[in-house]
Amino acid sequence: MLTRWIKTAAAHDSTGMSGRAGVRARWSRLRSAITAAALATGLTALASLPVPATAGETRQARQVAYVTNQDDNTVSAIDVASNTTIATIPVGILPAGVAASPGGTRVYVTNLGSDTVSVINTATNGVIAVIPVGADPFDVAVSPGGTRAYVTNSGDNTVSVIDTAANNVIATIPVGTVPIGVAVTPGGTRAYVANQGTDNVTVINTATNTVLATIPVGDAPTGVAVAPGGTRVLVTNSIDNTVSVIDTITNTVIATIPVGTAPNQLAVTPGGTRAYVANQGSNTVSVINTATNAVITTVPVGTGPIGVAVTLGGTRAYVTDSGSDTVSVINTATNAVEATLTVGNTPTEVAIANVP
């Protein structure tokens, strides 16, 4: 599982194992473990013909899902209206995290193997800048104003702050051990970072780029999502098989929700009523009612789901199936998979851009 791989990574680093060789070896073991788990449980990827999105999904601006293909060193760009791949974009080594700017003109990709962030121009679907960051950058989040990007550096326990106008790092913030997920509040005043090695969440004051609070959560926190109202932050605990709900006023955990095995990334719908959690170990997505903090249904998807993103209209959830090299498209009205799309090798995370 990804969580156990990350904790193992910290142990290997302390014994002197080569960082880059260790990353590749651990990812190879991760894929083998996922495949074995899927065969043992008899769960297989769902397959169906691509189905166009409803008229409500089609806006004046085109929605495009950007998927990092870790072992291809590429990003797939998928047109949401037709569920077809419109571009395959070469990026750095072992691309992992991905985030779109609020205006939809830029997409930021963390390259775990080359310690960089690739900046994609969504008009041309080409890389226009490569930004050096810290060691083993894992995830990225863009501020609501689009002026800053926050990158978790899992290899050196820091967060790099990127000025998106200049495309360079303007601050480096020490956080907990093995930071993985990151999300920014709707007001842009706080960034929440999941530290998988220290089982806590760091709260960053984005005005001063300093740590404001540290919140204990479950075992191996991985993914982070902020509810649209900004009052709640949801964090997946990959070894506990739970989601912690944080009150952003008090910065304390107010609920713990059991989900599937090895929950990884998660996303909240635009209306804030549902959260979709990718359970990497059980090949499912848990759907949480955020009013009751309870799982209302579980959706079978492909093998080893890691990333999840919800369309801007909230009618579809796109889930990366890392073990089957596919993306499962969930209809959020029926909570059933309506399409399975083939992408690159080891799709990891996904972000949806509203491209002008």
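Below is a short write-up of the structure. (Residues numbered from 1 in each chain as written. Predicted model: local features only at pLDDT ≥ 70, side-chain atom pairs only at ≥ 80, totals over all residues. Heavy atoms only, no water.)

We now examine the overall build of the chain. Regarding its fold elements, the chain presents two helices and 28 strands. By the burial criterion, 59% of the 356 residues in the chain qualify as buried. Contacts in the chain between residues far apart in sequence, at least 24 positions, make up 44% of those at least 6 positions apart. Here the chain has roughly 12200 Å² of accessible surface; of this, 54% comes from carbon and sulfur atoms. (Helix = DSSP H or I, 4+ residues; strand = E, 2+ residues; numbered from the N terminus. Buried < 20%, exposed > 50% of the residue type's maximum accessible area, 1.4 Å probe, protein only. Contact = heavy atoms within 4.5 Å. Areas by Shrake-Rupley, 256 points an atom, 1.4 Å probe, with all protein chains shown as cover.)

In this section: the sheet that holds strand E17 (residues 232-237). The strands that make up a sheet are held in pairs by hydrogen bonds between backbone atoms, and each pair lies either parallel or antiparallel. Spatially, E16-E17-E18-E19 is the arrangement adopted by the four strands of the open sheet, whose pairing is antiparallel. The strands lining the two open edges of the sheet, one partner per strand, are strand E16 (221-226) and strand E19 (252-258). Averaged over all adjacent pairs, the angle separating strand axes in this sheet is 25°, with direction ignored. Relative to strand E18 (residues 242-247), E17 runs antiparallel, the two being bridged by six bridges. Across the sheet, Leu234 pairs through a bridge with Val245, a residue of E18. (Pairing = 2+ DSSP bridges. Axes fitted to C-alpha atoms, helices over the stretch in contact; angles between N-to-C directions.)

Right, let's get into the side chain of Ser238. Along the chain, Ser238 falls in the loop between E17 and E18. Within the structure, the side chain of Ser238 is placed 2.7 Å from the side chain of Thr222, a separation counted as a polar contact. Only 2.5 Å separates the side chain of Ser238 from the backbone oxygen of Pro263, close enough to count as a polar contact. (Polar contact = N/O pair within 3.5 Å; in protein donor to acceptor, adjacent residues only side chain to side chain.)

Here we take up the sheet that holds strand E7 (residues 126-132). The strand order E4-E5-E6-E7 describes an open sheet built from four strands, whose pairing is antiparallel. Edge positions in the sheet fall to strand E4 (95-100) and E7, since each has one partner strand and no second. Each adjacent strand pair in this sheet contributes to an overall mean axis angle of 25°, direction not counted. The pairing of strand E5 (residues 106-111) with strand E6 (residues 116-121) spans six bridges and is antiparallel. Bridge assignment links Val109 to a residue of E6, and that residue is Ser118.

What follows concerns the pairing of strand E12 (residues 179-184). Where burial is concerned, most of E12 is hidden: six out of the six residues are buried. Note that E12 and strand E13 (residues 190-195) share four bridges and pair antiparallel. Bridge pairing in E13 links Val184 to Ala191. Linking two consecutive strands that pair antiparallel, namely E12 and E13, is a turn of five residues; a positive phi of about 80° is found at Gly188 within it.

Membership of the largest hydrophobic core comes to 15 residues, with the highest contact counts inside it found for Tyr66, Val75, Ile89, Val107, Val109 and Ile120. For this core, the elements supplying multiple residues, two or more each, are strand E1 (62-69), strand E2 (74-79), strand E3 (84-90), E4, E5 and strand E28 (347-355). Tallying contributions element by element places E28 first for this core, with three residues. Apart from the residues lying within four places of it in its own chain, the contact partners of Val109 are Thr68, Val75, Val91, Pro95, Gly97, Val98, Thr116, Val117, Ser118 and Ile120. (Core = buried A, V, L, I, M, F, W, Y, C linked by side-chain atoms within 4.5 Å.)

On to the layout of surface pockets. Left-over empty space is what a probe sized like a water molecule reveals as it rolls over the atoms. In this model, the largest pocket occupies a volume close to 1200 Å³. Taken together, the elements giving at least two residues each to the lining of the largest pocket come down to E4, strand E8 (137-142), E12, E16, strand E20 (263-268), strand E24 (305-310) and E28. Element by element, the count of residues in the lining of the largest pocket is highest for E28, at six residues. In the lining of the largest pocket, the residues fall into 29 nonpolar, eight polar and two charged. (1 Å grid on protein atoms, 1.4 Å probe; cavity = no way out; pocket = protein on both sides within 12 Å on 5 of 7 lines; lining within 4 Å. Points joined across faces, edges and corners; volume = space filled by probe spheres on them. Nonpolar A, V, L, I, M, F, W, Y, C, P; charged D, E, K, R; others polar.)

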